[in-house]
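Observations on the three-dimensional arrangement
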Amino acid sequence: MTRIVAVAAGLLTAATGCVLATPARADSTVRASQPLVVLLHDHIARTRPTLRAPRIEAVGSLRPLTRVRTVLPVLGRAARGSWVKVRLPGRPNGHTGWIRTWQTRPAQTEWQIRVKLSTRQVVVFRDGRVARRFRAVVGTPWTPTPRGRFFVEEAIALSSGDHGGPFALATSARSEVLQEFDGGPGQIGLHGTNHLAGALGTAASHGCVRVSTAAITWLAGRIGSGVPLTIAS
Amino acid sequence: MSRPIHLSRVGRAAIALALALSIIFFAASSAAQAAPVKLATASPFVVLGGSTVTNTGPSTLNGDLGVAPGTALVGFGLPATVNGATHANDGVAKQAQLDLTTAYNVAAGQPVAPANDLTGTNLGNRTLTAGAYRYTSSAQLTGPLTLDAQGDPDAQFVFEIASALTTASASAVVLINGASPCNVYWQVGSSATLGTTTAFQGNLMALTSISLNNGASVTGRVLARNGQVSLINNVLNNAGCRTGGTSGDGGSGDGTGGTGNQGRTTRNGTAIMRRGPRSDCTDGFSATVRGHLIKRVVFRMDGRRIGNRKKSPFRVFVRAAPGRHLIRAHVTFKDATRAKTLRFHYRACAAAVLEPRRGPSRLTG
């Protein structure tokens, strides 16, 4: 009986590409929670926490693909005035700016994602502890997955005929090579493997991170907008 | 040789009347001169048990906790809070038990006027003035019992109950016109049980055990001589009595602890926050602050104000929002109790959080 259960578990693991985490383990470099800010109105990001500071860009209150609220990770708060330093989506990768807290709502997330390119693994943390590990497909040497600190912009339920379904997590990262791809801005995503070639554990994508259908389904049920994403070697 | 005294029928009647009057007068004066009850070293305790003290849930004890001659204090880690010292069968607890026995016996020996024998009646929906009251069997409290000090902060109330004391759910002891919970003594010959959400006041001294049901609160003390004290999600506070009652322990007492006459110098306010159950992930839930002398509660979620309550129930509905959230309640009190901030974290379960919307596939792939 034990052997049957073990074999079944092994088959399930192989089928999903999911490597269950060892009992929850803390990672001292991962924070238990990440403060977020939800934009209730379009905002202007500036280089410093003052209205006189140069403007970086406009940040819409809704994300372009699914029209959900924009949620940004908060990196700091101004000592004076109602300003927060946030990570911004898009190019240049990992850029930051200051926005006013007017017309925003504070939030938090206990989730964080790390992509390890060398081991081709996606590690999901909850409350600073490893919750899941998934095998992944990462970018080829010619279309590499960009390294740095990013966040999930929005989660998308894709159609059955879409490549990379059934779900995708659109991130704030952009390809360093492809300025445009399939009508989009070269946006890097975590998504499934529907209609895509490439075995888990290889470097075969255009820069996105692909995981198994079971893995992306698990992620899509838990990872929301604003969740920090770190992509490292 | 002395001459025998011959009294007329009228004379004999006059002497009999005088004797009867003197007996009545003596009894009345004895009642008026009731001995003060002294808790002495037991006065810092808010809970003192004989065999064990057990707790379930986030009870709050403002005062010392002890047990003797038993040693077991069970369930007082988080989420319970003990704002006082803990004594498990040490010298302090043993001495407190000795002083409790003395106080118990003094209370049991208080003279009671015949009119104050309440045997067979319910304590609920009554208003009593200072004095000693007796039950020759068990006592029941259903509803509110009002104790009126008539402006005398030293007024002492003693209840001598031969067997059990039981309160129904949502019963209350209400103190008015300067009555102090420090000067109310409940001497219970067997065990006492406080029903759910009972708001009890006074020093509850039981020969055997004391049980507080879910949500019951006590302003005063819970002191069991031989048996156990069991708590379930209770708030107990003796902060206003730590120096002892005005009549008993040599301290000055505050004398203004009644709910009908709270002074700005007392610090009897208490508050705890609880969250209601959720029937489903997508439902929200209510957060409720309960306690004594609460003036105002401001609720915030992640720093954003979601409710401002100035009268009971101090409750707010928290919607199930994605992610992990911090709920805080800033509580201010009617008396001089320092304002406090209560908090808890919650996070919506996954099903409440995420059902990604449909969208186009324009990612790099």
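Quantities reported herein were computed from a predicted structural model and do not represent experimental measurements.

Cut-offs and rules
Residues numbered from 1 in each chain as written. Chains lettered and ligands numbered in written order. Predicted model: local features only at pLDDT ≥ 70, side-chain atom pairs only at ≥ 80, totals over all residues. Helix = DSSP H or I, 4+ residues; strand = E, 2+ residues; numbered from the N terminus. Buried ≥ 20, exposed ≤ 12 C-beta atoms within 10 Å, placed from the backbone. Contact = placed C-beta atoms within 7 Å. Pairing = 2+ DSSP bridges. Axes fitted to C-alpha atoms, helices over the stretch in contact; angles between N-to-C directions. pLDDT = per-residue confidence, 0-100. Core = buried A, V, L, I, M, F, W, Y, C linked by C-beta atoms within 7 Å. Nonpolar A, V, L, I, M, F, W, Y, C, P; charged D, E, K, R; others polar. Expected span 1.5 Å × (residues − 1).

Things to note about the overall build of chain A
When you go through chain A residue by residue, the secondary structure sums to two helices and 18 strands. When burial is assessed residue by residue, chain A has 42% of its 233 residues classed as buried. Long-range pairs, those at least 24 residues apart, make up 62% of the contacts in chain A between residues at least 6 apart in sequence.

Notes on the overall build of chain B
Each helix and strand counted, chain B has three helices and 29 strands in total. Burial statistics for chain B: of 365 residues in total, 45% are counted as buried. Considering only contacts within chain B whose residues lie at least 6 apart along the sequence, 57% involve residues at least 24 apart.

Focus: unusual backbone geometry
Here the residue pair G165(A) and P166(A) is connected by a cis peptide bond, since its omega of 5° sits within 30 degrees of zero. As for its position among the elements, P166(A) is in the loop between β13 (148–157) and β14 (167–174). With omega at 5°, the peptide bond leading from A68(B) into P69(B) counts as cis. Here the phi dihedral of N177(B) falls at roughly 55°; this positive angle occurs in a residue that is not glycine. The residue N177(B) is located in the loop between β14 (172–176) and β15 (184–188) in this model.

Considering the sheet that holds strand β24 (residues 294–301) of chain B
All names here are of chain B. Taken in spatial order, the four strands of this open sheet run β25-β24-β27-β28, and their pairing is antiparallel. Each of the sheet's edge strands pairs with one partner strand only, and the pair in question is β25 (304–309) and β28 (340–347). Across the sheet, the mean angle separating the axes of adjacent strands is 20° when strand polarity is ignored.

Some remarks on the sheet that holds strand β18 (residues 210–212) of chain B
All names here are of chain B. The strand order across the open sheet built from seven strands is β5-β2-β20-β18-β16-β13-β10, with neighbouring strands paired in parallel fashion. Strands with a single pairing partner mark the edges of an open sheet, and in this sheet they are β5 (72–74) and β10 (139–141). With strand direction ignored, the average angle separating the axes of adjacent strands in the sheet is 5°.

Some remarks on the confidence of the model for chain A
Summing up the model confidence of chain A, the mean pLDDT is 86 and the portion of residues at 70 or higher is 88%. With pLDDT under 50 throughout, residues 1–26 of chain A is counted as low confidence; its partners more than four residues away or in other chains account for 30 contacts.

What to know about the nonpolar core
If you look at the biggest cluster of nonpolar residues, it comprises 78 residues, and the most contacted ones within it are V47(B), L100(B), Y185(B), L204(B), M205(B), V222(B) and L223(B). Take this core: its biggest share by element is six residues, from helix α2 (residues 91–108) of chain B. Residues within four places of L223(B) in sequence aside, it is in contact with A42(B), F45(B), L48(B), L100(B), N203(B), L204(B) and M205(B). The next biggest cluster of nonpolar side chains, apart from the first, holds 39 residues, and it includes V122(A), F125(A), A215(A) and A220(A).

Overview of the interface of chain A and chain B
On the chain B side, the residues contacting the 40 residues of chain A number 21 residues. Elements with a contribution of two residues or more to the side of chain A that touches chain B: β8 (104–109), β13, β14 and β15 (187–191) of chain A. If one sorts the elements of the side of chain A that touches chain B by residue count, β8(A) sits on top with five residues. Residue classes in the side of chain A that touches chain B are distributed as 17 nonpolar, 18 polar and five charged. Of the strand pairs in this sheet, β13(A) and strand β29 (residues 357–358) of chain B are connected by two bridges, and their pairing is parallel.

Examining the pairing of strand β9 (residues 111–116) of chain A
Residue and element names in this part refer to chain A. The sheet contact formed by β9 and strand β10 (residues 121–126) spans six bridges and is antiparallel. Residue pairing in the sheet places R114 in a bridge with V123 of β10. The hairpin formed by β9 and β10 contains four residues between the paired strands, and R120 there has a positive phi angle of roughly 55°. Here β9 runs beside strand β18 (residues 228–232); their pairing, made up of four bridges, is parallel. Bridging across to β18, K116 finds its partner in A232.

A closer look at α2(B)
Side chains three or four residues apart in an α-helix point the same way, a direct result of the helix having 3.6 residues per turn. Taking 1.5 Å per residue as the helical rise, α2(B) with its 18 residues ought to reach 26 Å, and the 26 Å between its terminal C-alpha atoms agrees with that figure. Within α2(B), the full set of buried residues consists of A93(B), A96(B), Q97(B), D99(B), L100(B), A103(B), Y104(B) and A107(B).

Some thoughts on the confidence of the model for chain B
Keep in mind that low pLDDT regions are not for reading the predicted coordinates in detail. Residue and element names in this part refer to chain B. When pLDDT is averaged along chain B, the result is 79, and 79% of the positions lie at 70 or above. When the criterion is pLDDT under 50, residues 1–5 qualifies, and its contacts beyond four places in sequence or with other chains add up to zero contacts. This complex was scored by the predictor with a pTM of 0.45 and an ipTM of 0.75.

Some details on the pairing of β14(A)
All names here are of chain A. Counting buried positions over the eight residues of β14 gives eight, a clear majority of the element. Relative to β15, β14 runs antiparallel, the two being bridged by four bridges. If you follow L169 over to β15, its bridge partner there is L190.

What about the environment of F151(A)?
Residues and elements named next belong to chain A. Its location among the elements puts F151 in strand β13. Once the C-alpha coordinates of F151 and V227 are considered, the two residues, 76 residues apart in sequence, prove to be 5.4 Å apart. Contact partners of F151, with chain neighbours within four places excluded, come to P73, R87, T171, S172, G226, V227, P228 and L229.

A closer look at the environment of A168(B)
Residues and elements named next belong to chain B. Considering the arrangement of structural elements, one finds A168 in the loop between β13 (165–167) and β14. Between the C-alpha atoms of A168 and G124, which are 44 residues apart in sequence, the distance is 9.5 Å. Setting aside chain neighbours within four positions, we find A168 in contact with L141, T142 and G195.

Concerning the environment of Q187(B)
Residue and element names in this part refer to chain B. Relative to the helices and strands, Q187 is located in strand β15. Judged by local crowding, Q187 falls into the buried class, with 26 C-beta atoms found within 10 Å. Between the C-alpha atom of Q187 and that of N105, which follows or precedes it by 82 residues, the distance is 8.5 Å. For Q187, the residues in contact, after removing those within four places along its chain, are Y104, A107, A108, V158, F159, E160, I161 and M205.

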